[in-house]
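Observations on the model geometry
Chain residues, written in single-letter form:
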Amino acid sequence: VVLERPMDDKVIKRWQLACEEDIAHVVVMPNVTKPKIDKFVEELVECKNTFGRMQPKREDSPLKKLECSSWGGLAVAPVAATFHEDY
């Protein structure tokens, strides 16, 4: 999963995010539980609310490229949500 680089290095280190300039990515392995993903999203939202959002470092930066329509449009801020599982 590719996302904006969090502004707090503690979040990056805690979740072992791989960062490149103004983006980060996380690989979710099969052993990762839904509660752990929920906690990750919760901490991302808290980080955004406390420190703000990453701004693109330059016109052709990775984050700027994520904003392009071929990647689905503008980057969105992380939002904590309740996901419903239909089985």
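Report follows, based on the coordinates. All figures in this text were calculated on a predicted structure; none of them were measured in a lab.

**As for the side chain of Asp22**
The topology assignment puts Asp22 in the loop between strand 2 (18-20) and strand 3 (23-25). Buried within the structure, Asp22 lacks any salt-bridge partner; its nearest side chain of opposite charge belongs to Arg58, at an N-O separation of 6.2 Å. Polar contacts involving the side chain of Asp22 include one to the main-chain amide nitrogen of Lys57, which spans 2.9 Å. In terms of polar contacts, Asp22 uses its side chain to reach the backbone amide nitrogen of Leu63, at 3.0 Å. Residue contacts for Asp22: discarding those within four places in its chain leaves Glu4, Arg5, Met54, Gln55, Pro56, Lys57, Ser61, Pro62 and Leu63.

**A few points about the side chain of Glu4**
Position of Glu4 relative to the elements: it lies in strand 1 (residues 2-4). At 2.2 Å, the side chain of Glu4 forms a polar contact with the side chain of Arg53.

**Looking at the sheet that holds strand 3**
Taken together, three strands build an open sheet; the order of strands is 1-3-2 and the sheet is antiparallel. The sheet is open, and its two edges are formed by strand 1 and strand 2, each paired on a single side. With strand direction ignored, the average angle separating the axes of adjacent strands in the sheet is 30°. Note: strand 1 against strand 3, three bridges, orientation antiparallel. Counted as the bridge partner of Glu4 is Ile23 from strand 3.

What counts as what
Residues numbered from 1 in each chain as written. Predicted model: local features only at pLDDT ≥ 70, side-chain atom pairs only at ≥ 80, totals over all residues. Heavy atoms only, no water. Helix = DSSP H or I, 4+ residues; strand = E, 2+ residues; numbered from the N terminus. Buried < 20%, exposed > 50% of the residue type's maximum accessible area, 1.4 Å probe, protein only. Lys, Arg positive; Asp, Glu negative; His and termini not counted. Salt bridge = Lys/Arg side-chain N within 4 Å of Asp/Glu carboxyl O. Polar contact = N/O pair within 3.5 Å; in protein donor to acceptor, adjacent residues only side chain to side chain. Contact = heavy atoms within 4.5 Å. Pairing = 2+ DSSP bridges. Axes fitted to C-alpha atoms, helices over the stretch in contact; angles between N-to-C directions.

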